[in-house]
Amino acid sequence: QVQLVESGGGLVQPGGSLRLSCAASGIVFNIYAMGWYRQAPGKPRELVAFITGGRSTNYADSVKGRFSISRDNDKNMVYLRMMNLKPEDTAVYYCNAGGYERYYYPKFWGQGTQVTVSS
């Protein structure tokens, strides 16, 4: 049974930082690309960042230079470091495991963790 469990969300002031973590089980972690999506109220879910098994990374334009995705294959963990957070970053953030063939496609999803950026 595949499980992806996110943690690290919360309330932060604009300009602050958070690190999201995702613990994966039930998959051969190192062969999967891992990604983070987010969904704000009333908006479609969007891909924030992904990292391939070879550790190549890709980011949405809206978070480039502020967010950093990384993975630890020994611990089956993926992280999203978020800096200089803005109110528009407020969303539920979802961890996923998937594949990459010219584009990233998610296959398994976590339950999500809320990030709220507000003063």
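A quick note: this is a predicted structure, and the numbers were derived from the prediction, not measured.

Caption draft 1: Structural detail: the overall build of the protein. A tally of regular secondary structure across the protein gives zero helices and 11 strands. Taken from N to C terminus, the helices and strands of the protein fall in the order β-β-β-β-β-β-β-β-β-β-β. Against the globule reference of 14 Å for 119 residues, the protein gives a C-alpha radius of gyration of 13 Å, in line with a compact fold. If one aligns the C-alpha atoms of the protein with their principal axes, the spans along those axes are about 40 × 25 × 25 Å. By residue count, 43% of the 119 residues in the protein fall in the buried class. In the protein, 55% of the contacts between residues at least 6 apart in sequence involve partners at least 24 apart. If you sum the accessible surface of the protein, you get close to 6300 Å²; carbon and sulfur atoms cover 46% of it. Separation of charge centres in the protein, based on 13 positive and 8 negative side chains, amounts to 1 Å.

Caption draft 2: Quick look at the pairing of strand β9 (residues 91–100). For β9, the tally of buried residues reaches eight of 10 residues, placing the bulk of the element in the interior. As paired strands, strand β4 (residues 33–39) and β9 are joined by seven bridges and run antiparallel to one another. Bridged to Arg-38 within β9 is Tyr-93. Bridging between β9 and strand β11 (residues 113–117) involves three bridges; their strand directions are antiparallel. Bridge pairing in β11 places Val-92 opposite Gln-114. When β9 meets strand β10 (residues 104–109), the two strands line up antiparallel, connected through five bridges. Looking at the pairing, Tyr-100 lines up with Tyr-104 of β10. Linking β9 to β10, which pair antiparallel, is a turn of three residues; within it Arg-102 sits at a positive phi near 70°.

Analysis parameters
- Residue indices follow the written sequence of each chain, beginning from 1 at its first position.
- Where local features are concerned, this predicted model is filtered to residues with pLDDT of at least 70; where side-chain atom pairs are given and counted, the filter is 80 or more; whole-chain, interface and lining totals use all residues.
- For the side-chain quantities, the full set of heavy atoms in the structure was used; hydrogens and water were omitted.
- Secondary structure elements are taken from DSSP: a helix is a run of H or I of four residues or more, a strand is a run of E of two residues or more, and numbering for both begins at the N terminus.
- Radius of gyration means the value over C-alpha atoms here, while the globule rule gives 2.2 Å times the residue count to the 0.38 power.
- Relative accessible area decides the class of each residue, using a 1.4 Å probe on protein chains only: under 20% of the type maximum gives buried, over 50% gives exposed, and in between gives partly exposed.
- By definition, residues are in contact when any of their heavy atoms lie within 4.5 Å.
- Calculation of accessible area relied on Shrake-Rupley with a 1.4 Å probe; when residues are assessed, cover is drawn exclusively from the protein chains displayed.
- When charges are counted, neither His nor the chain ends are considered; positive counts come from Lys and Arg and negative counts from Asp and Glu.
- To locate a charge, take NZ of a lysine, CZ of an arginine, CG of an aspartate or CD of a glutamate.
- DSSP-based pairing: two strands are paired if at least 2 bridges between them are found.

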